[in-house]
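# Fold and geometry: a report
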Amino acid sequence: MTKTRRIGAPMTVPQRPAARTRIIAATTAIACAALVPALTAAPAQADTAVQLPGQSVTKKLKDGTTVTITRSNESARINPSMGGTPLHRNAWVSGKYVVTTSDKAAKIGVGAGYIVGCQLTLGGNSNSRAGATAPDYDLQSATTTAETGAGVTIGPGQAVNYVINDREYKDAFGAAGHSSSISFAGGKGTLAYTNETMMVNGCAGYAQARSYAKVSITTDNVSQSIAVYGKPFSMG
């Protein structure tokens, strides 16, 4: 008698692990997609370029000497600093001053800079003032003086006087001193600067800046100062 062996149907391999793998993969993809916005850097804010008007002022000193001060090529480039908040501002400034006198033997000193104020109005049009001294700058409430390139913190109602040059010298007693004025002989002088940096922190409101030049003239008969101011511009 022949025995017949019954062969059963093939066993089916469960598919649940594969399905679970697909779910995990999909979940991972969603998680990675969710991370993309967090890892994307915020777009940098573009610089704001400002071209400022030139100016020429002619004054007559007490002894009759004529002095002409010309400002040209003044510009500013404003950008929020790396701090990335409205409390931080950077500005790169450029300009040129030419001073001529009718007295070819006159000695000239030129000191240039910028007044930066927080929530202060620095005035409208360019102007000049004869006989000005440091406290007579257009903004008398300047709370500090700094050389360009330095960072300064100011609050509402405060201002900083940024000087372009810081010249070291020794006085008559040999002590070290500092001056923002550059000296010229022969009745003529030229002072130019390019991309000098001003960094202002802490101003929660609007900030304005304004250029100035303080020019001193010394002849055989008189010593006098003239201050000229540029057009104010916004730093944001």
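Up top is the structure.
These numbers come from a predicted model, not from an experiment. (Residues numbered from 1 in each chain as written. Predicted model: local features only at pLDDT ≥ 70, side-chain atom pairs only at ≥ 80, totals over all residues. Heavy atoms only, no water.)

## Comments concerning the overall build of the protein chain
- In terms of regular secondary structure, the protein chain is built from one helix and 16 strands.
- Residues classed as buried in the protein chain amount to 36% of the 236 residues present.
- Contacts in the protein chain between residues at least 24 apart in sequence constitute 70% of all its contacts with a sequence separation of at least 6.
- By element, 55% of the accessible surface of the protein chain is carried by carbon and sulfur atoms, the whole surface being about 13900 Å². (Helix = DSSP H or I, 4+ residues; strand = E, 2+ residues; numbered from the N terminus. Buried < 20%, exposed > 50% of the residue type's maximum accessible area, 1.4 Å probe, protein only. Contact = heavy atoms within 4.5 Å. Areas by Shrake-Rupley, 256 points an atom, 1.4 Å probe, with all protein chains shown as cover.)

## Here we look at the packing of aromatic side chains
- Applying the stated criterion across every chain, the model contains two aromatic pairs.
- Residues Tyr-114 and Tyr-193 carry aromatic rings whose centres are separated by 6.2 Å and whose planes lie at 90° to one another, so their mutual orientation is edge-to-face. In this pair, Tyr-114 is assigned in strand E5 (residues 107-118) and Tyr-193 in strand E13 (residues 188-201), connecting sequence segments 79 residues apart.
- Overall, Tyr-114 belongs to the buried group, its relative accessible area being 0%. (Phe/Tyr/Trp six-rings, centres within 6.5 Å; stacked < 30°, edge-to-face > 60°.)

## Section: the nonpolar core
- Among the nonpolar cores identified, the biggest contains 39 residues, and Ile-69, Tyr-114, Val-116, Tyr-162, Met-198, Phe-233 and Met-235 are the most heavily contacted of them.
- Sorting the residues of this core by element identifies strand E3 (66-79), strand E4 (88-101), E5, strand E9 (159-163), E13, strand E14 (207-218) and strand E15 (223-229) as the ones contributing at least two each.
- Looking at which element gives the most residues to this core, the answer is E5, with six residues.
- Not counting residues within four places of it along the chain, the set of residues in contact with Ile-69 comprises Gln-55, Ser-56, Val-57, Tyr-97, Val-98, Val-99, Val-215, Ile-226 and Val-228.
- Residues Leu-120, Val-163, Tyr-212 and Ala-227 belong to the second largest nonpolar core, which totals seven residues. (Core = buried A, V, L, I, M, F, W, Y, C linked by side-chain atoms within 4.5 Å.)

## So, the pairing of E4
- Note: E3 against E4, eleven bridges, orientation antiparallel. Along E4, the bridge assignment pairs Ser-75 with Ser-94.
- Bridging between E4 and E13 involves twelve bridges; their strand directions are antiparallel. Counterpart to Val-99 in the pairing with E13 is Gly-189. (Pairing = 2+ DSSP bridges.)

All we've got here are geometric facts, nothing functional implied.
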